[in-house]
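So you can see what is in the structure, the chains are spelled out below.
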Amino acid sequence: MPGRIQFFSLFLITVSFACSSQETLPLTWENIFTKNYGVRQAAISPDGSQVIVTARTADQSGLFIIASDGEDEARFWTEGSSPVWFDDGSRVLYSHQGDLWTKRIGADARPLRITKDNYGERAARPSPDGRQIAFYRTRSGYNDIWVVPSDGSAQPRQVTKRSMADDDFRFAPSWSPDSKQIAFYSNKADYWEDDIWLVDVATGNERQISKKLMAMSTPVWSPDGSKIALMAVAKDEYWYEDLSYIYVLEPEKGIEEILDMQIYATDLLHNHTVTWSGDGSEIFFPYQERSEVELWRVPSHGGVATRVTNMGGTFRGYHASKTASRFVFVRSTPTRGNEVDMIRATGGSAIQLTNLSSKWQGLVEPTEISYRSYDGLYIQAFRFDPPGFNPRNKYPTLVMVHGGGTNTAYKQLNLTEQYLAQKGYVILIVNYRGGSGFGRTFQDLSINDWGHGQALDAAHSATFIRQQSWSNGKVGIYGYSYGGITSMAAISQVPDAFDAAVPMAGIYDFGDAYTNADRLGKIFTKTGHSGSPEEKPEIYAISNALSRVHQVKTPLLIMHGEKDVRAPFRQYELAVEVLKKEGKVFESHSYPGEPHGFRNPMNRVDMYQRLEAWFKRWLR
């Protein structure tokens, strides 16, 4: 099943099948953040014949059903989200109104409510025998696993104790094939570590089965129940994102080994996991190269991995039939919103099953380029040109630096950049060092060097831009989350690089953020600096942009959500205080109630309207 996005929110779901008459929308901030419809989740039935799609349309929101052969159209099925098929294909489990529901496949089926409470059940999974449902909730003060009969005949009961911190919402419980055990991730052995544990559902007895790995995905049992596979990194290595190992565990033998193959696996912000073939002889997994995500296959004992799909673009969710004979993907491209694509394991081309995402006016395919950075490395970038672009004319340019410092900017629907290009800017999305998709050595370049080499890569994009015939010499920079980090770092280290900047939801003093971020934010910070601020003060000094604010010459607009705990809101407050003290040219704006991934779309509209006005003021 598709997982959850951790570091930024996606507002992608689906429109009805009558897309031939769907309006082609102009790019406006309000349309982008309130009418960006498209597929959000897709789950294929165990026999591979049908797909349940989480969708939002201009008229409806909920679950749609479609045949996997692509010969019919999606039809609305019921309200809800997060669909999971029961193993026999007769029912679907889903979430609605904060509770769990099931519904049988059939014309006259009615939804059955399984839970009714205020605890917000999530990541629910039915047992293989269909009798029970496991899910996470925080009623105990921790993210613990609970189970409930699948017919709703009894109240849920708690089966794990203190399994995970209450602010860590990744992954899902994983049932053993015999429905007797659940594999789950936990930090109960060590706050800083994500180990794999097993719990006996009947007795509640728990045991830790991994010691070496740091889990990066939901664990998945082999069909015979003897092994468990997942994406993970080694505890003695950097906490890599998107370039993970596949670990295979044999709980009864005490084996915990990295699967030998020539590439890595991509969890993509903890969204993806691995898939076993029906006979257990193969493992399928996503892998991201140069901003595109494809599905790969490797023998389950290790060997040469080969690519299954050649779709292009990016998929943020995928799911397989029970025997892994068919796969469905929630995929987008630079000019197409999220749709469901299907491919058979025998190979061939993917079939697009839905035509449901919003249609936008004037989208362009970006040009992939490279430019030379300060130390000779070539950095990948994507250039979006304004309508009627003429290299003999002069244009202002905006540099976008992506979030997730160890992730990348993907080939997907980038509506913000498309909009700004339509407003007359050349846009350059920069994949600075430390990101994924260019090999482990490239990703290693940011270890103990946050906010330095990455910031210089961004600054040297401005040098490259000003050398182009089409540049008017005015260059701005913006980014959200780690993009906010890199934006502030760039203008504080290379004061003359940019003419305007908009850092959003960033961390500007990691030493301070280490004390008040959520658990994942703390792990991200500690591993990126090889220790705590007390242990590595010299490394935290490198990433401390606030200590260099006195060097800033660039007018900047800084924005942040007031309920942000991934990049704590205190970072915004500290930055505003220092900017005022140093007499810098800046404006600031914060949003009450907003976490790291904004929930109110109109606040996003306001944020990007302010961004546009700021760049118009300083670059036009």
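The structure contained in this document is the topic of the report that follows. (Residues numbered from 1 in each chain as written. Predicted model: local features only at pLDDT ≥ 70, side-chain atom pairs only at ≥ 80, totals over all residues. Heavy atoms only, no water.)

So, about the pattern of salt bridges. If you walk through the whole model with that rule in mind, you get 28 salt bridges. Among the salt bridges present, the one from Asp99 reaches Arg113, with a minimum N-O distance of 2.7 Å. Of the two residues, Asp99 sits in strand E8 (residues 99–104) while Arg113 sits in strand E9 (residues 112–113), which places them 14 residues apart along the sequence. Across the pair Glu252 and Arg207 runs a salt bridge whose closest N-O atoms are separated by 2.7 Å. (Salt bridge = Lys/Arg side-chain N within 4 Å of Asp/Glu carboxyl O. Helix = DSSP H or I, 4+ residues; strand = E, 2+ residues; numbered from the N terminus.)

This brings us to the pairing of strand E25 (residues 292–299). In terms of burial, E25 is largely enclosed, as 6 of its 8 residues are buried. Bridging between strand E24 (residues 282–289) and E25 involves 8 bridges; their strand directions are antiparallel. Paired with Glu282 across the two strands is Pro299, which belongs to E25. Between the antiparallel neighbours E24 and E25 lie 2 residues, among them Arg290 with a positive phi of about 45 degrees. Alignment of E25 against strand E26 (residues 306–307), held across 2 bridges, turns out to be antiparallel. (Buried < 20%, exposed > 50% of the residue type's maximum accessible area, 1.4 Å probe, protein only. Pairing = 2+ DSSP bridges.)

Closest axis-to-axis distance for the helix H4 (residues 453–466)/helix H5 (residues 482–493) pair is 8 Å, and the angle between their directions is 75 degrees. Taken together, the axis directions place H4 and H5 in an arrangement best described as roughly perpendicular. Mapping the contact onto sequence places Gln454, Ala455, Leu456 and Ala458 in H4 and Tyr482, Thr486, Ala489, Ala490 and Gln493 in H5. Grouping the constituent residues of the contact of H4 with H5 by class yields 6 nonpolar, 3 polar and no charged. (Axes fitted to C-alpha atoms, helices over the stretch in contact; angles between N-to-C directions. Parallel < 35°, antiparallel > 145°, perpendicular 65-115°, else oblique. Contact = heavy atoms within 4.5 Å. Nonpolar A, V, L, I, M, F, W, Y, C, P; charged D, E, K, R; others polar.)

The next subject is the packing of aromatic side chains. Scanning the entire structure with this criterion turns up 33 aromatic pairs. Considering the side-chain rings of Trp192 and Tyr514, the 5.8 Å spacing of their centres and the 10 degrees angle between planes classify their relative orientation as stacked. Highlighted residues: Trp192 in the loop between strand E15 (181–186) and strand E16 (195–200) and Tyr514 in helix H6 (residues 510–516), separated in sequence by 322 residues. Each residue in the set Trp239, Tyr432, Trp450, Tyr482, Phe510 and Phe524 is aromatic and connected to the rest through ring pairs, giving one cluster. Over the ring of Phe86 we find Arg91; its NZ or CZ atom is 3.9 Å from the centre of that ring. The positively charged end of Arg440 is found above the aromatic ring belonging to Tyr240, 3.5 Å away from the centroid. (Phe/Tyr/Trp six-rings, centres within 6.5 Å; stacked < 30°, edge-to-face > 60°. Lys NZ or Arg CZ within 6 Å of the ring centre and 35° of its normal.)

Of the volumes computed, that of the second largest pocket is approximately 270 Å³. Those elements that place two or more of their residues in the lining of the second largest pocket are strand E20 (228–234) and helix H7 (519–528). Sorting elements by how many residues they give to the lining of the second largest pocket places H7 first, with 3 residues. The class makeup of the residues in the lining of the second largest pocket is 7 nonpolar, 3 polar and 5 charged. (1 Å grid on protein atoms, 1.4 Å probe; cavity = no way out; pocket = protein on both sides within 12 Å on 5 of 7 lines; lining within 4 Å. Points joined across faces, edges and corners; volume = space filled by probe spheres on them.)

Taken together, the 4 strands give an open sheet; going across it, the order is E10-E11-E12-E13, and neighbouring strands pair in antiparallel fashion. Here the strands that pair on one side only, and so sit at the sheet edges, are strand E10 (122–126) and strand E13 (157–158). In this structure, E10 lies alongside strand E11 (residues 132–137), joined through 3 bridges in antiparallel fashion. Pairing of Arg125 across the sheet is with Ala134, part of E11.

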